[in-house]
Amino acid sequence: MSDLNVVGDQDAWRCWLCDAPVDPDASTNSDLGPSIDNFAAAKGKKGAPAVERLAHRACNTMKGKIAPVVPWSPDLFVVDPSPIFESVERLSRKGGREIVARCPSQADADQAAEWLLDRLSRFAPGMEFEAQITPGGGQFMLALRA
Ligand SMILES: [Zn+2]
């Protein structure tokens, strides 16, 4: 188990799941206090290394016992957004391209793409993503390519 300060610095004192700041001085017994989430990267795979990420105590998946949820920003106009955690996990295993949301306008899609790439730069710092916007059926598809 790594030192909390090392994991905290690595994640710049932001919770890897909810993206809100974590106070390094908060009590580790409070819900918003800092904790280390030991999430096994490839679940079920023997010998897969656990990834250590900074989480609020209340957000911690407790070694994956709770399904991790990465929420989309409520400020975006996205229709049928995919669960971010699952999409990123699939893309990290297999690569390729996935449609992650539909947006009513090009501007909404641009905004969602910008938000998502920024969010993923902290959620999955080791991966490179490209966002692609494709018009179709009066809507704009937002796809993520890894
Ligand atoms: Zn959190």
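For the structure, see preceding data.
Residues numbered from 1 in each chain as written. Predicted model: local features only at pLDDT ≥ 70, side-chain atom pairs only at ≥ 80, totals over all residues. Heavy atoms only, no water.

## Quick look at the overall build of the protein
When its secondary structure is counted, the protein shows three helices and five strands. Element order for the protein, N to C, with α for helix and β for strand: α-β-β-α-β-α-β-β. Compactness check: the protein gives a C-alpha radius of gyration of 16 Å against a globular reference of 15 Å for 146 residues, within 12% of the reference. Along the longest, intermediate and shortest principal axes, the C-alpha atoms of the protein span 50 × 35 × 25 Å. Taking all 146 residues of the protein together, 38% fall into the buried category. Excluding contacts between residues fewer than 6 apart, the proportion of contacts in the protein whose partners are at least 24 apart in sequence is 57%. Here the protein displays about 8,200 Å² of accessible surface, and carbon together with sulfur accounts for 54% of that area. Of note, the protein has its 16 positive side-chain charges centred 10 Å away from the centre of its 20 negative side-chain charges. (Helix = DSSP H or I, 4+ residues; strand = E, 2+ residues; numbered from the N terminus. Rg over C-alpha atoms; globule rule 2.2 N^0.38 Å. Buried < 20%, exposed > 50% of the residue type's maximum accessible area, 1.4 Å probe, protein only. Contact = heavy atoms within 4.5 Å. Areas by Shrake-Rupley, 256 points an atom, 1.4 Å probe, with all protein chains shown as cover. Lys, Arg positive; Asp, Glu negative; His and termini not counted. Charge placed at Lys NZ, Arg CZ, Asp CG, Glu CD.)

## Side note on the sheet that holds strand S3 (residues 97–103)
Taking strand neighbours across the sheet as the criterion, the three strands line up as S3-S5-S4 in an open arrangement whose pairing is antiparallel. The open sheet has two edge strands, S3 and strand S4 (130–136), and neither has a second partner. Neighbour-to-neighbour, the strand axes of the sheet open up by a mean angle of 30°, direction not taken into account. In terms of strand pairing, S3 meets strand S5 (residues 139–145) through six bridges, oriented antiparallel. Each bridged residue has a counterpart across the sheet, and for Glu98 the counterpart in S5 is Leu144. Packed on one face of the sheet, helix H2 (residues 84–94) meets S3 and S5 and runs near 155° to S3. Across the sheet, helix H3 (residues 106–123) touches S3, S4 and S5, and the angle it forms with S5 is around 20°. (Pairing = 2+ DSSP bridges. Axes fitted to C-alpha atoms, helices over the stretch in contact; angles between N-to-C directions.)

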